[in-house]
Every structure is written in structure tokens, then in C-alpha cells.
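Fold and geometry: a report
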Amino acid sequence: MTGAKRKKRSVLWGKMHTPHREDIKQWCKRRLPILEWAPQYNLKENLLPDTVSGIMLAVQQVAQGLSFAMLSSVHPVFGLYGSLFPAIIYAIFGMGRHVATGTFALTSLISANAVERLVPQSSRNLTTQSNSSVLGLSEFELQRIGVAAAVSFLGGVIQLVMFVLQLGSATFLLTEPVISAMTTGAATHVVTSQVKYLLGIKMPYISGPLGFFYIYAYVFENIKSVQLEALLFSLLSIIVLVLVKELNEQFKRKIKVVLPVDLVLIIAASFACYCTNMENTYGLEVVGHIPNGIPPPRAPPMNILSAVLTEAFGVALVGYVASLALAQGSAKKFKYSVDDNQEFLAHGLSNVIPSFLFCIPSAAAMGRTAGLYSTGAKTQVACLISCIFVLIVIYAIGPLLYWLPMCVLASIIVVGLKGMLIQFRDLKKYWNVDKIDWGIWISTYIFTICFAANVGLLFGVICTIAIVLGRFPRAKTLSITDMKEMELKVKTEMHDETSQQIKIISINNPLVFLNAKKFSADLMKIILKESDSNQPLDDVSKCEQNTLLSSLSNGNCNEEASQPCSSEKCSLVLNCSGLTFFDYTGVSTLVELYLDCKSRSVDVFLANCTASLIKAMTYYGDLDTEKPIFFDSVPAAISIIQSNKNLSKASDHSEV
Amino acid sequence: MDASPEPQQKGGTLVLVRRQPPVSQGLLETLKARLKKSCTCSMPCAQALVQGLFPAIHWLPQYRLKEYLAGDVMSGLVIGIILVPQAIAYSLLAGLQPIYSLYTSFFANLIYFLMGTSRHVNVGIFSLLCLMVGQVVDRELQLAGFDPSQDSLGPKNNDSTLNNSATTLIIGLQDCRRDCYAIRVATALTLMAGLYQVLMGILRLGFVSTYLSQPLLDGFAMGASVTILTSQAKHMLGVQIPRHQGLGMVVHTWLSLLQNVGQANICDVVTSALCLGVLLAAKELSDRYRHRLKVPIPTELFVIVVATIVSHFGQLHTRFDSRVAGNIPTGFVAPQVPDPKIMWRVALDAMSLALVGSAFSISLAEMFARSHGYSVSANQELLAVGCCNVLPAFFHCFATSAALSKTLVKIATGCQTQLSSVVSAAVVLLVLLVLAPLFHDLQRCVLACIIVVSLRGALRKVKDLPQLWRLSPADALVWVATAATCVLVSTEAGLLAGVFFSLLSLAGRTQRPRAALLARIGDSTFYEDAAEFEGLLPPPEVRVFRFTGPLYYANKDFFLRSLYRLTGLDAGHSATRKDQGPEVGVSNRSLVDGKDLGSVSSGAGLVVPLAFGFHTVVIDCAPLLFLDVAGMATLKDLRRDYRALDITLLLACCSPSVRDTLRKGGFLGEEQGAENELLFPSVHSAVEAACARREELLAADSAL
């Protein structure tokens, strides 16, 4: 038998690493991904798709910017700024090529909590008289954008701190069911927050735990005050949006350019509202005055940072999770890699720097990113081109949006969330594959609806960790290796010898306090069955015993029914190659197992043990030092057993 | 081994046992069958239920008088003698009158005799639980406006207190003195903890004790022992210091002791030193001559008797102002229902009390069952310990669980069954009815010394820490974290911290399992790690990969990185690159067609798959414990990428649960034959199948 010996490992010393200019250059390349892909930009192949994607993206950025600013309880013009500056910064620092950074529904919703709490609607009358020179907006609006900018600033700082702490490596805790459920639950929140605009109901701001249900209760109580004009306008907008988007999906392959239905709807609605003077006749709520140009930079109010800490954490966490999921999804689809920690830096800067420029919190959005997929974008140049068009809107086209009804913007928001709400269909997949993941999805969704997106996210992570740890005590621990061929080989060497009872059991998992008890019980069960089969039984019973024993194997019989070995001593070989780590309880279980088998006249040998396991077992208990217990491999253990048997045979012959 | 394997295999009969397909019944039929089975009531079922609830009914008729009686009576007497001083001492720890400890010892022993499944475990006063009860009692006394630091000292106060309690019970007034309110809090806490334990037993939550590992319990006992030692130091020195609660209790108490050490009572200090010396010396002698002495020396009883006599005749209380135990009344008090309002307030504390009591009781019962060759039921133990808390709560008792030291004494003195508990209860009953007033003049510092000396076993576990560190550094860290949090924060926080750290260390280690390429050992069917062993034969053009851990969301990326690194091929990127290159292939094909050479085209077809050096990847799934959705998606993507590169992916040694997950997840496709083609019982059979398939392809190409 060819014995395999353990290799000698040589220790290599790592040489001292002195800083070089190339290291500094490489660090800059790592932290500024634009320096890596900008020089290699292929103008001939990529410029045209990027330009087309940029134009399409600009339309979505303008529509969603106005909408999400409204969602964030600030003036719509700040949404345009939020669509411009974060995208530029992400193009410089981000690694996702198809990630469209800008305003985001979930972070806008979280920011609205802070805005409504610190600058409530009731304080509008107090400040309406004094007009500020900045953009011609009232002090009330400036206070509100100050709060939103403070949330953006602090959220970005938290993300930068996470970047410094290298917390990008902890993103493995976010599983697909948790992210999917969290985003679906948060999208449900966004739809709920838009109900008042869709129906034209005057509603006070409702938030907090179970706010979801209070909003719907309020709607049902005040169902008679619905404005029919707003309701009809909303229904018409939703129908048009859904139909045209479905047509875009069907004719996507034939027509490369996607029809910008959002832009057409905005233009048509504004024109209709302007012609019929809906603001005065029917009392519809419109966007109002949008000033021109970009204001000079101003720092967010630092004295309220402590007051918005909770919302900042929510923005940092939810924004990063949603963006990272999109970046990893696009990286997986288009076969490139994304550094999780670099995304922290990119999104942190995308929130910190724009907060000085009157921007609301930003993140990557699923709808815009899906748009980049379908229009064939190649790099972040598409985002930069979209920024040019957003600039045109800010400087030229802005005042024309005065007559845009709010219910149309709400419709655009709701239809834009279709991608998240469709994730309900994943429930069927989870139910078929793993019911536990299905349960995680449902419970995370319920927590997100009842409380907040970050609470649901935290619950999902804790639940996932607990379930994985709960599986350890119930995992199958042992498998019996096939002994057929080994016995045949043994027979060829000693024809007259009867085969000794040798059982080879593979330990396939780490041995810790969670599963040590089950491991011991399973092993004792196998040994007891082995002892039962040694008792004198007739052939029929032996066949039954073999059938029972074979149920524990991998599909092969382990014993010959025609070979009774009742007088022979049993041997047990434990293949410990799968025993990757252990703890105190695991070692004590192994030692107790050894002593217990010894008292039952069963020899125990351990093969493929790691050095730490050998050291731990010899240190823990008083093992028998006369005969060797630890072997490098299973065949080595079997050969030792055979040689011991030969020695006992020789001693018997010498006595005779 | 020089013999060729082929002839031997032909001679032997290889019997392949295939796994039966699971018979899938209808969901409705399954529910109906289960309901019918559970609703069926018959005499044998009822009889088995009663026997399960009361194991004494089962083993008492089979009691062997000749063999068992002597050992049981002897151990019962010894435990009873040891139990009385410990009960009186531990009541000090729980902040209650000594009489309640005697009640607790009496009722707990009786109930466990009826319901317990362990033969050796002694259920009664336990120092850790007394500490937890005492903390809750002190907090509730402060909230109710009583002064917890006010010790009822003189016999006059005790007489008036007991008289007022009797008057209160007679008249039915709601007002209540300090001691009366303290026992009310304790009984409410005990009832809630017992209800939790009974509920855990009914719901079969005995497996919860699995999550409390031995180093965690040892660390918890160590931390709690330091807290107990701190709480008793003031009694040993006779110093009057304010009671500290909550965060940093141990540190604040020691600071107060150091500040007030000048006011120590000389009589108490001398008595404590003498008692400690005698008790420790006796313990050492008992440990050293354990084999010769069948019965351990009841040193606590001697110390109590001598100290009481000295204190009585020396009149230490009146002359030196030393504090004594006070009056202990005889007889029983009428049963009383615990206050529901207090029960709701202490519900959270009762939960941690129930968990600690359950964990220690179950682990002790299983430990001694394993060493003596019988089995215990964790759920029945939960029911028994729960009833030991629920029923005595109506008789002015407080929380109990299994106690390690008394259990060890039981075994050493020859205990065979739980009949010894009845003997112990009889001894306690004798003290309750007759001997209780004799302990009036016992000094409190003597009781404190008995408590501290009994912590010796737990405190000595510090010596095991270096050994634990060498065995498992992770467990040592769990031990230290649990003990430190117990001392610095609170006992409940220490328990939670220990559980959190142990589970976190386990989760961390499953994320980075070991990955290896396997190779064959000579001519055998075994495959081992090529990096660990010499003289192995790699299978030709086949890569065997082993990943020792479950495949789930936390380590699926590590799985792919390990596989790509060991095989030297990034399947994802290579598949993408191949998709972008069909035009080059078409141009090559046109060139070959132009030359009209068939052999050249077949040669070109053969070269492409071998560009990576192998045509099949076999994954050894024996260490694969389970798969979740992320792991399933990873395997699907991996197979798709390999298929794009004309590489076959096979799985070997799948466990039945992993096999079921693969089938449900759609990995095996729609046909039944796909399972046989993709899953193999062993690595060797997978490698042989891959080589056979390869030879078939080569033969077909050569035929063309």
C-alpha cells in the first residue's frame, strides 16, 4: 500500500515593503476609478450608446428629481440640484458602470421625517413675509432644505467613517431576501406617502411606528374630501405611464430608443394645466415657481446635526445597501468587479459634497439603473452626459415647469417604483427553494412596514445570522465510507484471513458546542448497531442488519452477510478531514468518545487530524500512549490495524 | 499494491442500495392523520403520560431494598446535615429570612423526588440563583420605599415584625413590613420563573440549553461568584455600607469597603478569620483524603454549632454589637398566592432566572446520567425544575435549581435513587419543627464565611483558563467576556454577552472554511488534500475540489474565489470572453473548410477544451452541511459558466438534505435521469464517470 506522507512546510519571510512612487500611483488609481477607465474610453464604440443613454437618463433624473424633492418635503428645485451634483461625484469615485446616482425615494422618505419634525408646516406663516435674496424663495423653504442638507451631510460623514473602518467587508451579512424585502417594504412606504397627492386630500404629516396604518385610516375617514379632478388626472397618468412602458418593453429589441414617456407626460400635463388654468379653477396643487441658475454654496446648518442623527444613520445605511445591491447586480451581469469599500467612499462623498450645494440625500435608484441597462449604456459617461442636460433644465427650462400638477409627479413616483414592488414575485421562488428564506422575507417586510427601513434591515440581518446558527445542531454529521474495495484488496494479500470489522466514519463538519451532543449521539448509535450485528444471529437477521446499516451509508453495502466475525475486536477509524475547527466542548466530546469506546472494546483511530486537534486532544485527556491513535490518512490507519492483527496472530502461533 | 483492481471488482458482487423516492402524501391527509393520532385517547397512552410526568411511579416499585437503601439513607442524612447551614446562609444572599430557605429546601426535594428523571441531582438552594433573587428583591424594596440596607437586627424587631405579619394576615391589611414584602417579591419571581420553565418543558424547548456552552457557563459562574463574594464581604467585616445596585456594583462596593474599613467590627473580623481557616482546612483535608473517608466531614455543621454556642454563652451580640441570625420560628405558615402586580413587574428578571436554572439543571443531569449509564429527558427535567419553582412559590419559597456541590456529595456517599431526597427533606423537616430556635445566636459573619467557602469550586475555575486558552482561544475569550461582563455590568448582561460572543465566534469561523484540491492515494479509492500529502496522483484532466463548510450567503464569494484560485481558471470572466469571441471561431472554421481537411477540424475541436488543462470539475459535497438560496444560485451560475467553457460540473457525496435542496431549487433539471448523471455517491465514482465520458467523446471524434 502506498503511504502518503504529510508535506513539510517551509516558512517564507515576507520582505520589507518600502513605499514607492508606483504605490502612490496605484493608490490614486484605486481611489479614483475614473483615472482607470477614462483613458481607455473607446470613442467609436461607446460614445453613441452613452449619449443615447444619457439623454434618456436626463429625462428620468429631471422627473424623479422634482418628484423626490417633493417626497422629501422640500422645494422641487432642490431635486434638480440633487440630480446633478451627486452623479458627477459618483462618476469620479464610483466603480459601478451602470449605477445612476441621484435622488432616491427611500432616502427622501427618511429625510422627510427630519424635515417635518424640525420645520413643521405650521411654521410657514411665521416666515412667509420675509423673502430672502437666495433664489427668491422664502426663508421657510431655505430652512427645510437646510435640514435635508444636514441629513445628507451627516449621512455622508457616516458612510465615510464606515469606509475608513473598512466596513465594506461586512456586506456579506446582507442577503438577497433581506435586501429584496427591505426595498419592497420601503417602496410600500413611498406609495403610501403619495396617496394624498394622488387623491388630492389635505393631510397632515403622519410618521412614526405604525404610521403606515394611520395614513390609510386617515384616508378612509376623509374619503369624501377627495378631489375628483386630481383623482382622474392621477388615474389617467398612471394608465398612460404603464401602457407606454409596457410598449417600450415589448418593442425594446426593435427600437433602440425608449420613448421618454415621463417627459411627454410632464409637457402635456403642464400645457393642459396652463391652458385650462386648473390651479385656480379646480384648486389643483402645482409645482409652483422654479428659479433659474445655481445658488452659491452654503454650509448646511451644523447646529442641528445632533437632532438628525437617527435619520442620518438611516440614510447612510439604506442608501448604501440599495446602491451596493445595484452595483453588485450590474457587476455580475456585465462581468466586472466592484469593491464594496470603495462604494462607501463614493456614496459618502456623493452625500457630503452636494450637501453644501442644496442637495437632498442621494443614492443609486433601481429604475434609473434599469434604464441604463436597457438603453445600452457602457460607462459612467452616460451619467455625465445626463448632467449636461440637467444643467440645461436648471438654467433654461425650469420656469416652464410652474404648471406641472403634483398628482402627475406622484403618479411618476408610483409607477417608477414598479420594479421594487414586483419583487413580491420572488416569494414563490423562495418558498420552493428554502422556506426559511421565505420566512425571512416576510418578516423583514412586515418589520419594514410597521417601523422603518433600517429597522427592517437590522431585523433581517439578525434573523439570518440566527437561522444559520440554528442549522448547525441539526446538520447531518457523519457518513460511512465505502469499505467494499478496501476489503477486496485486503483479501488479496492474506487469503486465509477473515476480514476484521473496520468501520470508517467521516466527520464532515466542525465540532462545536452546538452540535457536539448530536455528533456523540449519532456515533454511539452507529457503534451500538455494530455491536448488535456481532451477536450470533441467523442469516436472515444478518441480512436485515445489513439492510439497516446500509441505510446509513452512501448507497453501498458495508458488510458481507456471509462473513460472521462475532469473535473479532472492532475498530473504528474517524476521518477528521472535515473537522475544520473545534472548541472546548468538541475536544471533550472526542476524548469522552475515545474513552467510552475503549471501555466497549472498540479501538478508535483518528485519521487526517489537523495539528491543532492532535495537540488539543493530547493536552486535554489522558489518552493511551502505548499504541498510536493519530494517523495521516485512512489507509495508513488500516495498515496499522492489519499489522497489529498479524502481531497477535504471530504471538498465538508462537504459543502453539 | 501491485494487483490490478479490475479482476477483483469483477469477482466481487457490488450491491448498490438506492435511496427510495419519498412518498409524498397530500397535505390534508397528513394533517388529518396527525390530528387523529393526537386526539386518540386510550388507557395505555394515559398511563404512559402519567409515568412520564412522575418518574417515581416507574422506578419506586422496582426499588431494591438490600442494595440501595443503605446508600440512599446515608447520603440523604449527609445532604440534610449539609443543607441546613447552607440554607440558613444563602437566605442572607437572597435578602430573606432564614426560615424561607428551610421551606425551599423541604419542598424542592420532595417535588423533585416525584418528577425528576435524574437519580443523583440534588435540587435546592443554589448560590447563583440566590444572588439573582437578592438583586431583584433589593431593587423592588427600593422602589417600594423600604430601606434595603436596614437589617432587622434585634430580637425585639424580629418579634414585632413577625407579630405584625401575623396581624396583617389576620386582619387582611394591604400594608406590609420589609421582610414580608421581600418574600412577596421573591415568591412572585419564583412563580414566574417556574411558569417559564414549565412552559419551556411543554413546548419541548430543552434544546435551548445547547446554546449555552460549558466555557460560557463556567465564565458565568466565575463572574457571579465574584459578585457574591463582594456582597458578603461587608458581613465578614461587620461593616455597614450602603447597598449598590446596577452598573459597576462590584467596583462601587469595594470602594465603599475600603473607605469604611476603619469601622470594622473586631469581633466579626476575628470570627470570620477563624471560620475561614477552619472551613478551608477541612475542605483541603476532605479533598486529600477523599478516598479513605466514605463520608465527608460536615464541617459546616460543626462550625455552626460551635459558633452558636460561643456566641450564646459569650453574649457576643450584646457585648461586641455583633449581628446574629435572629429568631427563626418553627412550623409552617399558611399558603399564600403571590401578588400578580409584583409578578408582572418581575417578569423580565424571571426569564433570565429561568434560563440559568434550566441550563444548570439540564447540564448537571446529563453529565451524571452519562457517567452512570442512564438517560434523562431534557424536557422532563424542565418540567420537574419548573414545578419545583411553581408549587413551592405558594409556600413562601424562592427559586431553586440543581446544585453541583451537593450533587457531588450525594454521589460520593453512595446515592442510588432519588429516595435520598426524601431523607434530606425529613432532616429539614426536623429542623423546621424542632431545632430552628437554636440558631438564634448564630453570627452573620459565620453564615457569610460558609457562603464564601462554598464558592471555592467556582472561584478555582480561574486555574482552568490557561488550559482553555491552549485548547481553544475562542472559548477562552468567551469565558473572559462572560466573567468580565458579569462583574462589571450585571449577571444577566454577562449571560447575554457570553451567548452573543460564542455565537459570533462560531459564525465568524464558518465564513472562512478550508478549501483544497484532492488527489488520489495510489490505487485506492481515497482522495486527500494535495497540499498536505506527498505521493498523491492527481486524476488526469479532472479537478476535485473540497470545500469544508456550508455554502450560504456569508461564504459563497469565498467559495468561488477559492475554486477559481485552486483550479487556475476564473470561470465567470472566461465565459464572458468566450461569448465575445464567436466571430473568431467562425473565421477559423471558414479557413478550415477552405482547406477541406476533416482531421484538422477534429483536431481543432479537441484543442479548445484542453486549453484550461481539465474537462471536468468534481466538487466533494460531503462537508457541505446545507445550502440556502444564495448557495443554490452560486452553484447554478457556476454550472452555467462551466458549460459555456465545455467543462462538466459534477457533485459527489451529497447528503440527503443537500440533495433535496438541489432538486427543489431546479439544479437537476426536469428529467429524473439528470440526477444520476450529476450526483455521485463518491469522489472516485465521479472521476471514473468523467474519464469514461471523455473516452467516449474521443472515440466518437476518432471515428469521424
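Conventions and cut-offs
- Residues numbered from 1 in each chain as written.
- Chains lettered and ligands numbered in written order.
- Predicted model: local features only at pLDDT ≥ 70, side-chain atom pairs only at ≥ 80, totals over all residues.
- Heavy atoms only, no water.
- Helix = DSSP H or I, 4+ residues; strand = E, 2+ residues; numbered from the N terminus.
- Buried < 20%, exposed > 50% of the residue type's maximum accessible area, 1.4 Å probe, protein only.
- Contact = heavy atoms within 4.5 Å.
- Areas by Shrake-Rupley, 256 points an atom, 1.4 Å probe, with all protein chains shown as cover.
- Expected span 1.5 Å × (residues − 1).
- Arc of directions from axis to C-beta.
- Pairing = 2+ DSSP bridges.
- Axes fitted to C-alpha atoms, helices over the stretch in contact; angles between N-to-C directions.
- Parallel < 35°, antiparallel > 145°, perpendicular 65-115°, else oblique.
- Left-handed = near helix turned anticlockwise from the far one by under 90°.
- Nonpolar A, V, L, I, M, F, W, Y, C, P; charged D, E, K, R; others polar.
- pLDDT = per-residue confidence, 0-100.
- Phe/Tyr/Trp six-rings, centres within 6.5 Å; stacked < 30°, edge-to-face > 60°.
- Patch = residues over 30% accessible without salt bridge, like charges linked within 9 Å, V, L, I, M, F, W, Y side chains within 5 Å.
- Salt bridge = Lys/Arg side-chain N within 4 Å of Asp/Glu carboxyl O.
- Polar contact = N/O pair within 3.5 Å; in protein donor to acceptor, adjacent residues only side chain to side chain.

1. Remarks on the overall build of chain B
Along its length, chain B carries 32 helices and 8 strands. Burial analysis of chain B (704 residues in total) assigns 51% to the buried set. Restricting to contacts in chain B with at least 6 residues of sequence separation, those with at least 24 account for 82%.

2. What about the overall build of chain A?
Each helix and strand in chain A was counted, giving 28 helices and 7 strands. Within chain A, the fraction of its 656 residues that count as buried is 54%. Taking the contacts inside chain A whose residues are at least 6 apart along the sequence as the reference set, 84% of them involve residues at least 24 apart. Looking at chain A as shown, the accessible area adds up to about 30200 Å², and 63% of this sits on carbon and sulfur atoms.

3. Comments concerning helix 15 (residues 340-352) of chain A
Across its 13 residues, helix 15 of chain A extends 19 Å between first and last C-alpha, which sits within 8% of the 18 Å expected from 1.5 Å per residue. Most of helix 15 of chain A sits out of view: 13 of its 13 residues are buried.

4. Some thoughts on helix 18 (residues 404-412) of chain B
Residue and element names in this part refer to chain B. Every buried residue of helix 18 is accounted for by Lys406, Thr407, Val409 and Lys410. Down the axis, helix 18 shows its buried residues gathered within 160 degrees of arc, on one side only. Positive phi shows up at Gly414, right after helix 18, with a value of about 90 degrees.

5. Focus: the side chain of Glu140 of chain B
Residue and element names in this part refer to chain B. Within the secondary structure, Glu140 is located in helix 7 (residues 127-144). With a relative accessible area of 1%, Glu140 lands in the buried category. When neighbours within four sequence positions are excluded, Glu140 is seen to be in contact with Tyr181, Val185, Arg345 and Val346.

6. What to know about the pairing of strand 6 (residues 616-620) of chain B
Residues and elements named next belong to chain B. A large share of strand 6 lies buried, amounting to 5 of its 5 residues. Because side chains alternate across strand 6, one face comprises the buried residues Thr616, Val618 and Asp620, and the other comprises Val617 and Ile619, equally buried. Note that strand 5 (residues 542-547) and strand 6 share 5 bridges and pair parallel. Its bridge partner lying in strand 6, Phe545 is registered against Ile619. The pairing of strand 6 with strand 7 (residues 648-652) spans 5 bridges and is classified as parallel. Each bridged residue has a counterpart across the sheet, and for Asp620 the counterpart in strand 7 is Ala652.

7. So, unusual backbone geometry
A negative phi angle characterises most non-glycine residues, just as the trans form characterises most peptide bonds. Residues and elements named next belong to chain A. Phi at Ser73 is positive, roughly 65 degrees, even though this residue is not glycine. If you trace the backbone, Ser73 turns up in the loop between helix 3 (43-71) and helix 4 (77-93). Given the relative accessible area of 12%, Ser73 is considered buried.

8. As for the environment of Leu71 of chain A
Residues and elements named next belong to chain A. With respect to the helices, strands and loops of the structure, Leu71 is situated in helix 3. Take Leu71: its relative accessible area is 5%, and that puts it in the buried class. Every residue in contact with Leu71, bar those within four places of it in the chain, is listed here: Ala105, Ser108, Leu109, Ala112, Val190, Ser193 and Gln194.

9. Observations concerning the environment of Ala346 of chain A
All names here are of chain A. Mapped onto the fold, Ala346 is located in helix 15. Taking the relative accessible area as the measure of exposure, Ala346 reaches 0% and is therefore buried. Expressed as a C-alpha distance, the spacing of Ala346 and Arg31, which sit 315 residues apart in the sequence, is 8.9 Å. Apart from the residues lying within four places of it in its own chain, the contact partners of Ala346 are Tyr90, Phe93 and Gly94.

10. What to know about the packing of helix 5 (residues 105-118) of chain A against helix 7 (residues 139-164) of chain A
Helix-helix packing: each pair is described by the crossing angle between the helix axes and the interaxial distance. Residues and elements named next belong to chain A. Direction vectors running N to C along helix 5 and helix 7 enclose 140 degrees, while the axes themselves pass 9 Å from each other. Our classification of the angle between helix 5 and helix 7 gives oblique. Relative to helix 7, helix 5 is oriented so that their crossing is right-handed. From helix 5, Ser111, Ala114, Val115, Glu116 and Leu118 reach across to helix 7, where they touch Arg144, Val147, Ala148 and Val151. Here the residues of the contact of helix 5 with helix 7 sort into 6 nonpolar, 1 polar and 2 charged.

11. Digging into the pairing of strand 6 (residues 602-607) of chain A
Residues and elements named next belong to chain A. Of all 6 residues in strand 6, 6 are buried, a share of seventy percent or more. Judged from the 2 bridges that link them, strand 6 and strand 7 (residues 630-631) form a sheet pairing that is parallel. For Leu606, the partnering residue across the bridge sits in strand 7 and is Phe630.

12. Details of the environment of Phe212 of chain A
All names here are of chain A. Mapping Phe212 onto the fold places it in helix 10 (residues 211-221). Separated by 20 residues in the primary sequence, Phe212 and Thr192 have C-alpha atoms spaced 7.0 Å apart. Once residues within four sequence positions are removed from consideration, Phe212 is found in contact with Thr188, His189, Thr192 and Ile449.

13. Re the confidence of the model for chain B
For residues with low pLDDT, the predicted coordinates do not support detailed interpretation. Residue and element names in this part refer to chain B. This prediction gives chain B a mean pLDDT of 73; 75% of its residues lie at or above 70. Mean pLDDT across the elements of chain B bottoms out in helix 1 (residues 5-11) (36) and peaks in helix 6 (residues 98-115) (86). Within the model, the stretch residues 1-22 combines pLDDT values under 50 with 23 contacts to residues more than four positions away or in other chains. In the predicted structure, residues 581-610 sits below a pLDDT of 50 and forms 9 contacts with residues beyond four places in sequence or in another chain.

14. Overview of the packing of aromatic side chains
Residue and element names in this part refer to chain B. Inspection of every chain in the model, using the stated rule, returns 13 aromatic pairs over all chains. Ring geometry for Phe126 versus Phe360: centroids 5.3 Å apart, planes at 65 degrees, classification edge-to-face. Of this pair, Phe126 sits in the loop between strand 1 (123-124) and helix 7 while Phe360 sits in helix 16 (residues 347-372); the two residues are 234 residues apart in sequence, bridging distant segments of the chain. A relative accessible area of 11% means that Phe126 is categorised as buried.

15. Re a nonpolar patch on the surface
Residue and element names in this part refer to chain A. On the surface, Ile55, Ile388, Phe389, Ile392, Ile397 and Leu400 cluster together to form a nonpolar patch covering roughly 510 Å² of accessible area. Among the elements that line the nonpolar patch, the one with the most residues is helix 17 (residues 381-397), at 4 residues. Positionally, Leu400 belongs in the loop between helix 17 and helix 18 (406-416). What makes Leu400 exposed here is its relative accessible area of 57%.

16. Here's the deal with the confidence of the model for chain A
Residues and elements named next belong to chain A. Residues of chain A with pLDDT of at least 70 account for 71%, and the chain-wide mean is 72. Across residues 481-500 the pLDDT falls below 50, and counting only partners more than four positions away or on other chains, this stretch makes 42 contacts in the model. Note that pLDDT drops below 50 for residues 534-568; the model gives that stretch 55 contacts with residues more than four away or on any other chain.

17. Some remarks on the side chain of Thr485 of chain B
All names here are of chain B. Tracing the backbone through its elements, the reader meets Thr485 in helix 23 (residues 473-488). A residue is classified by how much of its surface remains accessible, and Thr485, at 19% relative accessible area, is buried. Looking at Thr485, its side chain comes within polar contact range of the main-chain oxygen of Ala481, at 2.6 Å. The contact partners of Thr485, leaving out residues within four places of it in the chain, are Ser490, Ala493, Gly494 and Ala497.

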